[in-house]
Amino acid sequence: MMMRTALLAAAALLIAAPAFAEEQPVKPYVQSDANAGTKPIAGDAVFKALHGQEGIGRIVDDLIASLRTDPVTADIFKASDFERLRRTLIEDFCYVSGGPCHYTGMDMKTAHQHMGLQDIHFNALVQHLEDAMNKEGVPFRDQARLLAKFAPMRTPVVDASQN
Amino acid sequence: MQFGGKLDLTRGVANVEGAGGGGLSTWALITGNETRDGVGGQVYGTYVGLSDYSLNEFGGGVGLFDRGEISLSRQTFDTGATGAKLGLGKNFAFDQTVVGAKLRLFGDAVYAQDSWMPQVAAGLQYKMNDRTAIIHAVGGKDDTGVDYYVAATKILLDQSLVLNGTLRETRANQFGFLGFGGDRNSGYSTQFEGSAGYLVSRRLLVGAEYRTKPDNLGFAHENSAYDLLAAFAITHSLSATAAYVNLGDIATFRNQRGFYISLQAGF
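Bear in mind that the values here come from a model prediction, so they are computed numbers and not experimental data. (Residues numbered from 1 in each chain as written. Chains lettered and ligands numbered in written order. Predicted model: local features only at pLDDT ≥ 70, side-chain atom pairs only at ≥ 80, totals over all residues. Heavy atoms only, no water.)

K.L.:
I tried to follow the state of the cysteines on my own but got confused; where do I start?
P.N.:
Linking two cysteines covalently through their sulfur atoms gives a disulfide. Residue and element names in this part refer to chain A. Enumeration according to the criterion identifies one disulfide over all chains in this entry. Disulfide pairing is shown between C94 and C101; the S-S distance is 1.9 Å. When the S-S torsion is 75°, as for the bridge of C94 with C101, the disulfide is right-handed. (Disulfide = S-S within 2.5 Å.)

Given below as structure tokens:
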């Protein structure tokens, strides 16, 4: 009995595993760095302060984990494609911080359409991002430079999500 | 009704008049932890120990949709041992109640980081002092007065800076503790408040403030005030302000300086 349950569990894992590793299809859209909604920070000082691609990967993993457990934001991410979210967030942070990346995600308005977001959700993301950057040991001055780029996105993200 | 959601420190702290601001100056930020979708508020207590006097106050404010603010402050200016030297009697105290209202007009201090446009708010502070006889004896005209102000606040995140400038129309003598209008000048004058702060972290602001005051009374000159302050968000709800403050001469006693300690709890 135990053996059978274990086998079944292993089989379920094998079947389930690829579903997590692959992104779900999205409606076609024009890919462009302009979709990031802001010009990158000049120079690569902030990208380096984030500890490059690897640091950004850790920050994004931590951010997504916090957003999924925070009761304020958990419901918003229930049906999210986390593979795609992780990849596009990493690209976004890398591109905006002055790193050698291109942003291939959707523009901010389209990406947040119909989500019904409010400032409380936007601000929760900001604070989880700050926590994640603190854990990564990113100096506040560099955090603030990155946040200065994301702060104006409150308009396309929150306001457009009402439509 | 939604509560909370504002970013740390972006409600300001409680200033000397009980309004959302820094220590000495009133800012354009709206009190309370609410966003534009909810209501919030803040209660506070402040103690200022000066060379020859002390000031203690408590009060609170309500923030409505990050758009408007109503505040109430009860303040006691205690002359302590200096009261006897002034002929008022030891521990003679001036009590003042301040009712404030503030409306955010335009601009955004926090989110509009792609623009230099500050957040601008206008407001008034109605001040009622209970020492009518003494106020008249020192040359003051009235025991109540209204201050009108316009404040502009901007956070420059990419520089980690917080800047504020405020213009105030006032007749207040020593914030109103010595009444309103005087024998030298009984009308309104325009005064300036400036603040500059550096964000050390998202929870700690260090800065300096300067505030000019009228000089309406003949018996004693009044000077500008300044402070060096630190505002710290202990938790998302609880914040503390500690400052070195210099209020200048007060009622012939020179160079009144000391420590300003304030605790605020917001929701």
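K.L.:
What's the story with the confidence of the model for chain A in this structure? I'm lost.
P.N.:
Segments scoring low in pLDDT should not have their predicted coordinates read at a detailed level. Residue and element names in this part refer to chain A. With 87% of its residues at a pLDDT of 70 or more, chain A has an overall mean of 88. When mean pLDDT is compared element by element in chain A, helix α2 (residues 45-49) scores highest at 98, while helix α1 (residues 2-21) scores lowest at 52. For residues 13-19, every residue scores under 50 in pLDDT, and the model assigns this stretch zero contacts once sequence neighbours within four places are set aside. (pLDDT = per-residue confidence, 0-100. Helix = DSSP H or I, 4+ residues; strand = E, 2+ residues; numbered from the N terminus. Contact = heavy atoms within 4.5 Å.)

K.L.:
How should the packing of helix α4 (residues 82-96) of chain A against helix α7 (residues 140-150) of chain A be read in this particular structure?
P.N.:
Two quantities define a packed helix pair, namely the angle between the axes and the distance from one axis to the other. All names here are of chain A. The interhelical angle for the contact between α4 and α7, taken along N-to-C directions, is 110°, at an axis separation of 10 Å. Put simply, α4 runs roughly perpendicular to α7. Note on packing geometry: the crossing formed by α4 with α7 is right-handed. Of the residues in α7, those in contact with D92, F93 and V96 of α4 are L146, K149 and F150. Residue classes in the contact of α4 with α7 are distributed as four nonpolar, no polar and two charged. (Axes fitted to C-alpha atoms, helices over the stretch in contact; angles between N-to-C directions. Parallel < 35°, antiparallel > 145°, perpendicular 65-115°, else oblique. Left-handed = near helix turned anticlockwise from the far one by under 90°. Nonpolar A, V, L, I, M, F, W, Y, C, P; charged D, E, K, R; others polar.)

K.L.:
How do you make sense of the layout of surface pockets when you look at a structure like this?
P.N.:
With a probe scaled to a water molecule rolled over the atoms, the places where space remains empty come into view. Approximately 350 Å³ is the volume attributed to the second largest pocket. Split by residue class, the lining of the second largest pocket holds ten nonpolar, five polar and five charged. (1 Å grid on protein atoms, 1.4 Å probe; cavity = no way out; pocket = protein on both sides within 12 Å on 5 of 7 lines; lining within 4 Å. Points joined across faces, edges and corners; volume = space filled by probe spheres on them.)

K.L.:
Can you walk me through empty space enclosed by the protein in this structure?
P.N.:
All names here are of chain B. On inspection of all chains with the given rule, the structure shows six cavities of 30 Å³ or more. What the largest cavity holds in volume is close to 150 Å³. Looking at the largest cavity, it is lined by 17 residues, and the ones nearest its centre are K6, T10, D66, V110 and Y111. Here the residues of the lining of the largest cavity sort into five nonpolar, four polar and eight charged. Put simply, the second largest cavity is a space of about 60 Å³. The wall of the second largest cavity is formed by L55, F77, Q174, F175, F177, L178, L247 and I250.

K.L.:
For this particular structure, what's the right way to read the pattern of salt bridges?
P.N.:
In a structure, side chains of opposite charge can pair up when their charged atoms sit close to one another. Residue and element names in this part refer to chain A. All chains considered together, the criterion is met by 32 salt bridges over all chains. Between R87 and E23 there is a salt bridge, and its shortest N-O distance comes to 2.5 Å. Here the residue R87 occupies a position in helix α4, and E23 occupies one in the loop between α1 and α2, the gap between them amounting to 64 residues. Overall, the relative accessible area of 29% leaves R87 in the partly exposed class. Across the pair E136 and R58 runs a salt bridge, and its minimum N-O distance is 2.9 Å. (Salt bridge = Lys/Arg side-chain N within 4 Å of Asp/Glu carboxyl O. Buried < 20%, exposed > 50% of the residue type's maximum accessible area, 1.4 Å probe, protein only.)

K.L.:
Where do I start with a nonpolar patch on the surface in this structure?
P.N.:
Together, B:M1, B:F3, B:V62, B:L64, B:F65, B:I70 and B:F267 make up a nonpolar patch on the protein surface, roughly 710 Å² of accessible area in all. Mapped onto the elements, B:I70 comes out in strand β5 (residues 68-78). (Patch = residues over 30% accessible without salt bridge, like charges linked within 9 Å, V, L, I, M, F, W, Y side chains within 5 Å. Areas by Shrake-Rupley, 256 points an atom, 1.4 Å probe, with all protein chains shown as cover.)

K.L.:
Sorry if this is basic, but what is going on with the pairing of strand β7 (residues 119-129) of chain B here?
P.N.:
Two faces make up the sheet, and in a regular strand the side chains alternate between them. Residue and element names in this part refer to chain B. As paired strands, strand β6 (residues 93-106) and β7 are joined by ten bridges and run antiparallel to one another. From the neighbouring strand, T97 faces β7, where its bridge partner is M128. Summarising the sheet, β7 and strand β8 (residues 144-156) pair through ten bridges and their orientation is antiparallel. Paired with G123 across the strands is Y149, a residue of β8. (Pairing = 2+ DSSP bridges.)

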